[in-house]
Amino acid sequence: MRPAARRNQDIAPFHVMELLARAQALEAQGRDIVHMEVGEPDFPTPAPIVRAAQAAIAAGKTYYTPALGLPELRQAIADFYLSRYGVQVPARRIVVTAGASGALTLALACLTEPGSRWLLADPGYPCNRHFVRVFEGEPVAVPVGPDDNFQLTPALLARHWDEQTAGALVASPANPTGTLLSASELEALAAAVRERDGHLLVDEIYHGLSYGQDCPSALATGEDLWVINSFSKYFQMTGWRLGWLVVPEPYLRDVEKLAQNLFIAPSTPAQHAALAAFAPETQAILEERRAILGARRDYLAPALERLGFRLAARPEGAFYLWCDSSALAADSFQLATRLLEEAGVAATPGLDFGQHQPERHMRFAYTTDQARLEEAVARLGRHLGR
Ligand SMILES: Cc1ncc(COP(=O)(O)O)c(C=O)c1O
């Protein structure tokens with residue numbers, strides 16, 4: 001049989017899936033596992049959003065919408081940028097997508113020539129390099145660490161940029177590290193990319209999930225940046241598959257053609273549901289939950305440090321702690337396996353997030369409630385003898 005296209009060989013599976021499968025097998029045997037490997041909020045979608053979806057479905061709003069999304073939702077997102085960030089973005093530049101994944105797909109489909117290179121932070125969100133590869137581009141993993149707050153910098157761009165480079169993709173807050181880019185850092189990155197006539201894509205999927213400081217949006221930095229966002233994390237709608245892409249004006253027509261052909265349109269019930277996401281009633285629920293996540297972070301970070309994990313990155317946002325586990329084990333994959341099998345705690349080994357010192361690192365997600373976090377810490381303490 002003719003083999004699958006060669007590029008499939010460059011698409012890696014999620015290693016954490018192996019752990020997850022093992023966790024599920026242990027649970028099937030009656031073992032209790034604390035899940036700290038999960039990259040989605042544990043809160044259910046806020047009730048006003050669910051009610052809006054139910055009303056839309058009951059009213060027969062189940063037909064295709066325009067490819068770029070419901071006009072009233074695009075406007076609601078534009079209004080949100082104005083009220084939350086004080087940034088004016090015309091609704092016509094906002095494209096509603098199937099999650100941030102759909103937004104990344106459209107942006108990279110629009111901008112990636114075969115062989116063109118994209119600079120990505122390592123460690124970083126694993127799917128990014130695969131999006132680039134699917135469009136026959138070349139992902140360039142740029143090692144980042146504590147000196148640069150685990151983010152790309154103008155100096156790193158200067159070092160890694162070459163003739164074939166199309167642009168850079170950053171995330172703030174980032175996965176797996178939770179670090180933020182400040183307004184001045186975003187400006188410096190945008191200037192460095194502009195100077196080279198490239199594109200800057202900024203993934204803001206964890207916006208709204210920062211604790212103590214607000215995240216500046218890259219949209220305040222210029223109209224030539226591409227911004228990716230989603231209803232998955234702050235709005236707690238992972239399974240609804242809805243997000244958006246803010247597109248620089250000159251590329252709108254190309255993105256529209258791609259959206260029409262690749263997706264036809266985003267989910268109609270999900271879009272009607274999302275109209276309720278910006279209502280004051282929903283925002284109050286979301287802000288309450290943000291405070292809960294912040295309290296979990298404040299509990300878990302010092303607790304893990306007492307157990308011998310070292311916080312490798314300042315946990316400023318998202319819901320992850322990126323920890324150096326090298327004082328506890330030489331290989332974080334083996335450690336993660338051991339913690340699962342023997343302590344009943346699931347966390348994600350560094351291997352999933354890149355090639356830069358993965359064996360030293362693990363990601364703990366605080367997407368489970370306080371009592372379960374305390375249970376996890378107690379189990380880890382017993383297992384590690386601390
Ligand atoms: C940094 C980052 N970008 C994009 C995504 C994709 O999210 P979704 O497609 O659910 O919006 C994720 C999911 O975990 C993520 O962590």
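Here the residue numbering is sequential within each chain, running from 1 through the sequence in written order. With the structure being a predicted model, the display of local features is reserved for residues of pLDDT at least 70 and the display and counting of side-chain atom pairs for 80 or more, all residues being used for whole-chain, interface and lining totals. Note that water and hydrogens are dropped before the side-chain values are worked out from all heavy atoms of the structure.

1. Some thoughts on the pairing of strand β4 (residues 138-143)
Part 1 of the reasoning: As defined by bridge partners, strand β3 (residues 117-122) adjoins β4 across six bridges and the pair is classed as parallel. Bridge pairing in β4 links Ala121 to Val142.
Part 2 of the reasoning: The definition of a right-handed crossover adopted here requires that, viewed with the strands pointing away, the path from the first strand over the helix to the second runs clockwise. Helix and strand assignments come from DSSP, with helices taken as H or I runs of at least 4 residues and strands as E runs of at least 2, each series counted from the N terminus. Handedness of the crossover is the feature at issue here: the chain leaves β3, passes through helix α5 (residues 127-134), returns alongside β4, and the resulting connection is right-handed. Strand pairing requires that DSSP identify at least two bridges connecting the strands.

2. Details of the packing of helix α11 (residues 332-343) against helix α12 (residues 370-384)
Part 1 of the reasoning: What counts as an axis is a line fitted to C-alpha atoms, over the stretch in contact for a helix, and the angles between N-to-C directions run from 0 to 180 degrees. Two elements in contact, α11 and α12, have axes separated by 10 Å at closest approach and are oriented at 105 degrees. With respect to α12, the element α11 is oriented roughly perpendicular. Contact with α11, carried on its side by Arg338, Leu339, Glu342 and Ala343, involves Arg379, Leu380, His383 and Leu384 of α12 and no other residues of that element. Roughly parallel covers angles under 35 degrees, roughly antiparallel covers those over 145, roughly perpendicular covers 65 to 115, and oblique covers all other angles. Here a residue-residue contact requires only that any non-hydrogen atoms of the pair lie within 4.5 Å.

3. Section: the environment of Trp244
Part 1 of the reasoning: Inspection of the secondary structure assignment puts Trp244 in strand β8 (residues 243-246).
Part 2 of the reasoning: A simple rule labels every residue: compare its accessible area, found with a 1.4 Å probe on the protein chains alone, to the largest value its type can have, and call it buried under 20%, exposed over 50%, or partly exposed in between. The buried category is assigned to Trp244, whose relative accessible area is 0%.
Part 3 of the reasoning: The sequence separation of Trp244 and Ile205 amounts to 39 residues, and the corresponding C-alpha distance is 9.5 Å.
Part 4 of the reasoning: Here Tyr81 takes part through its side chain, which lies 2.9 Å from a polar atom of the side chain of Trp244. Residues adjacent in sequence count toward polar contacts only when both atoms are side-chain atoms; beyond that, a polar contact is any pair of N or O atoms within 3.5 Å, and within protein one must be able to donate a hydrogen and the other to accept it.

4. Digging into the sheet that holds strand β12 (residues 348-349)
Part 1 of the reasoning: The four strands lie next to each other as β9-β10-β13-β12, forming an open sheet whose pairing is antiparallel. The sheet is open, and its two edges are formed by β9 (310-311) and β12, each paired on a single side.
Part 2 of the reasoning: In the sheet, β12 pairs with strand β13 (residues 361-365) via two bridges, with the strands oriented antiparallel. Of the residues in β13, the one forming a bridge with Thr348 is Arg363.

5. Quick word on the domain arrangement of the chain
Part 1 of the reasoning: Boundary definitions for the domains trace back to an automatic or database domain assignment. Per the domain assignment, the segments making up the chain are domain 1 (9-44 + 282-384) and domain 2 (47-278).
Part 2 of the reasoning: Placing the centre of domain 1 and that of domain 2 at their C-alpha centroids yields a distance of 25 Å.
Part 3 of the reasoning: The partner domain 2 presents 42 residues to the 36 residues of domain 1 that form the contact.
Part 4 of the reasoning: Two parts placed together each lose some accessible area under a 1.4 Å probe, and adding up what both lose gives the buried area. Carbon and sulfur atoms supply 54% of the area that domain 1 and domain 2 bury against each other, a total of about 3300 Å² over both sides.
Part 5 of the reasoning: Put simply, a salt bridge is a Lys or Arg side-chain nitrogen that is within 4 Å of an Asp or Glu carboxyl oxygen. Counting the contacts that link domain 1 with domain 2 gives three salt bridges.
Part 6 of the reasoning: Between Arg133 and Asp10 there is a salt bridge, and its shortest N-O distance comes to 2.6 Å.
Part 7 of the reasoning: At the boundary of domain 1 and domain 2, one finds 24 residue pairs in polar contact (both at pLDDT 80 or more).
Part 8 of the reasoning: For the side of domain 1 that touches domain 2, the secondary-structure elements that each account for two or more residues are α10 (280-306) and β10 (320-324).
Part 9 of the reasoning: Sorting elements by how many residues they give to the side of domain 1 that touches domain 2 places α10 first, with ten residues.
Part 10 of the reasoning: For this scheme, ten residues count as nonpolar: Ala, Val, Leu, Ile, Met, Phe, Trp, Tyr, Cys and Pro. Four count as charged, namely Asp, Glu, Lys and Arg, and the remainder, Gly too, count as polar. Each residue belonging to the side of domain 1 that touches domain 2 can be placed in one class, and the counts come to 18 nonpolar, eight polar and ten charged.

6. What about the side chain of Ser332?
Part 1 of the reasoning: Residue position: Ser332 is located in helix α11.
Part 2 of the reasoning: According to the relative accessible area criterion, Ser332 is buried, its value standing at 1%.
Part 3 of the reasoning: A polar atom in the side chain of Ser332 sits 2.9 Å from the backbone oxygen of His361.
Part 4 of the reasoning: Excluding anything up to four places from it in sequence, Ser332 contacts Ser325, Pro349, Gly350, Pro358, Glu359, Arg360, His361 and Met362.

7. What about the side chain of Thr221?
Part 1 of the reasoning: The residue Thr221 is located in the loop between β6 (199-203) and β7 (226-230) in this model.
Part 2 of the reasoning: Residue class for Thr221 comes out buried when judged on its relative accessible area of 15%.
Part 3 of the reasoning: When near neighbours in sequence (up to four residues on either side) are disregarded, Thr221 contacts Leu186, Glu187, Ala190 and Arg194.

8. Focus on unusual backbone geometry
Part 1 of the reasoning: A cis geometry characterises the amide bond from Asp122 onward to Pro123, with omega recorded as 10 degrees.
Part 2 of the reasoning: With respect to the element layout, Pro123 can be found in the loop between β3 and α5.
Part 3 of the reasoning: Geometrically, the link from Asn175 to Pro176 is a cis peptide bond, its omega value of 15 degrees lying close to zero.
Part 4 of the reasoning: The topology assignment puts Pro176 in the loop between β5 (165-171) and α7 (183-195).
Part 5 of the reasoning: Unusually for a residue other than glycine, Asn149 sits at a positive phi of about 55 degrees.
Part 6 of the reasoning: Along the chain, Asn149 falls in the loop between β4 and α6 (154-160).

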